[in-house]
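# Geometric and topological summary
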Amino acid sequence: MMKKTIALAAAVAAVTALPSGDAAAQARDQIRIVGSSTVYPFATSVVEQFGKETQYPTPVIESTGSGGGLKLFCAGVGAQHPDITNASRRIKPSEVKRCQENGVQKVTEVKIGSDGIVFANSVEGPKVELTTKQVWQALAAEVPQDGELVENPYETWSDIDSSLPDAKIEIYGPPPTSGTRDAFNEMAMLDGCSEFDMLSSMDESKMEEICLTYRSDGAWIEAGENDTLIVQKLTSNSNAFGIFGFSFLDSNRDKIQAAEINGYAPTVANISEDRYPLSRSLWFYVKNAHVGVIPGIEAYVKEFTSDATWGPNGYLVGKGLIPLPDEQREEWANKARNFEPLNPDDIAG
């Protein structure tokens with residue numbers, strides 16, 4: 001007990017001394033984690049296991065969205081700032097720059113596995129097959145008709161295609177701060193929008209503006225960062241659809257079903273082999289300046305990157321995580337445990 005108390009006191013002193021720009025920064029003995037609502041169930045399982053199996057206090061974890069988490073993470077170094085942030089998309093060059101400008105010079109990046117974004121509805125509703133083009137037509141503020149852009153006239157799915165249900169378009173989805181929204185924009189909205197020649201031939205920035213502007217007439221409903229809330233909305237409205245991570249589908253299959261997109265269902269095999277068009281990678285980021293200062297970060301990273309956690313038979317698979325191939329998993333585990341700093345040049349512009 002005396003040894004643990006001395007170690008904790010040393011950590012408290014070290015954290016207080018971090019160059020946070022705030023001399024009154026208070027030390028912590030708990031890891032603080034923020035970020036993606038999609039990664040949240042996985043990280044929560046690791047947090048709980050870590051709290052039970054180690055000598056360290058159970059970390060504090062918040063679901064703030066990927067963008068919100070990275071904003072908090074990159075705000076500075078010191079005990080008032082998070083140690084780790086989860087993300088359902090890779091960090092952006094602008095976020096790396098923000099980190100550096102605020103003194104967060106060294107960050108370790110860890111790719112934890114794969115996930116898919118699902119377009120789902122209640123099991124009491126119709127089973128549908130959609131294309132990214134049809135998804136975009138349902139969600140866009142303006143769509144092409146007779147060679148012109150017009151305010152979205154589609155009120156029902158059958159207005160888009162007669163083979164689709166004659167049901168009102170109602171879609172619940174994530175806010176702009178969400179990594180799921182970022183990934184959905186890239187993989188569904190831009191992809192579907194590019195099917196129209198009059199849009200794909202435009203200047204890139206103009207095309208992107210049109211493609212990523214969502215309708216505001218009530219057909220599209222931002223439901224916040226809580227994906228569980230979207231699942232609840234779907235179970236109470238069999239006509240509605242929702243957009244969220246595969247893990248929430250996997251744990252609620254008695255309540256919800258997913259649409260096929262471009263001919264592929266969101267299955268483990270289709271996602272891991274990138275056949276499903278809305279497949280993506282999941283990440284977390286560690287603030288290296290806090291390693292060895294906030295107690296337990298090394299042990300937490302070791303727990304997360306253990307085969308018993310994220311491997312093919314790990315407990316996160318039961319939560320819906322799709323593991324990386326063995327070679328990749330070993331490579332990322334080595335980077336994580338050695339706290340290899342992210343090279344900003346590795347992040348595509």
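Residues numbered from 1 in each chain as written. Predicted model: local features only at pLDDT ≥ 70, side-chain atom pairs only at ≥ 80, totals over all residues. Heavy atoms only, no water.

## Quick word on the side chain of Glu95
- Tracing the backbone through its elements, the reader meets Glu95 in helix α4 (residues 93–101).
- Within the structure, the side chain of Glu95 is placed 2.7 Å from the side chain of Arg89, a separation counted as a polar contact.
- For Glu95, the residues in contact, after removing those within four places along its chain, are Gly67, Leu70, Cys74 and Arg89. (Helix = DSSP H or I, 4+ residues; strand = E, 2+ residues; numbered from the N terminus. Polar contact = N/O pair within 3.5 Å; in protein donor to acceptor, adjacent residues only side chain to side chain. Contact = heavy atoms within 4.5 Å.)

## Quick notes on the pairing of strand β6 (residues 142–145)
- Across four bridges, β6 lies against strand β7 (residues 148–151) in antiparallel orientation. For Gln145, the partnering residue across the bridge sits in β7 and is Glu148. (Pairing = 2+ DSSP bridges.)

## Regarding empty space enclosed by the protein
- Within the structure shown, the criterion is met by one cavity of 30 Å³ or more.
- Ile91, Val96, Cys99, Gln100, Val104, Gln105, Lys106, Val107, Leu342 and Pro344 together form the lining of the largest cavity.
- Per element, the largest residue contribution to the lining of the largest cavity is three residues, and it comes from α4. (1 Å grid on protein atoms, 1.4 Å probe; cavity = no way out; pocket = protein on both sides within 12 Å on 5 of 7 lines; lining within 4 Å. Points joined across faces, edges and corners; volume = space filled by probe spheres on them.)

## Describing the packing of helix α5 (residues 132–139) against helix α7 (residues 179–193)
- Look at α5 against α7: their axes get within 7 Å of each other, and the N-to-C directions meet at 95°. With respect to their mutual orientation, α5 and α7 come out roughly perpendicular. When α5 is examined against α7, the residues Thr132, Lys133, Val135, Trp136 and Leu139 are found in contact with a partner set consisting of Phe184, Met187, Ala188, Met189, Asp191, Gly192 and Cys193.
- Here the contact of α5 with α7 is built from residues that sort into eight nonpolar, two polar and two charged. (Axes fitted to C-alpha atoms, helices over the stretch in contact; angles between N-to-C directions. Parallel < 35°, antiparallel > 145°, perpendicular 65-115°, else oblique. Nonpolar A, V, L, I, M, F, W, Y, C, P; charged D, E, K, R; others polar.)

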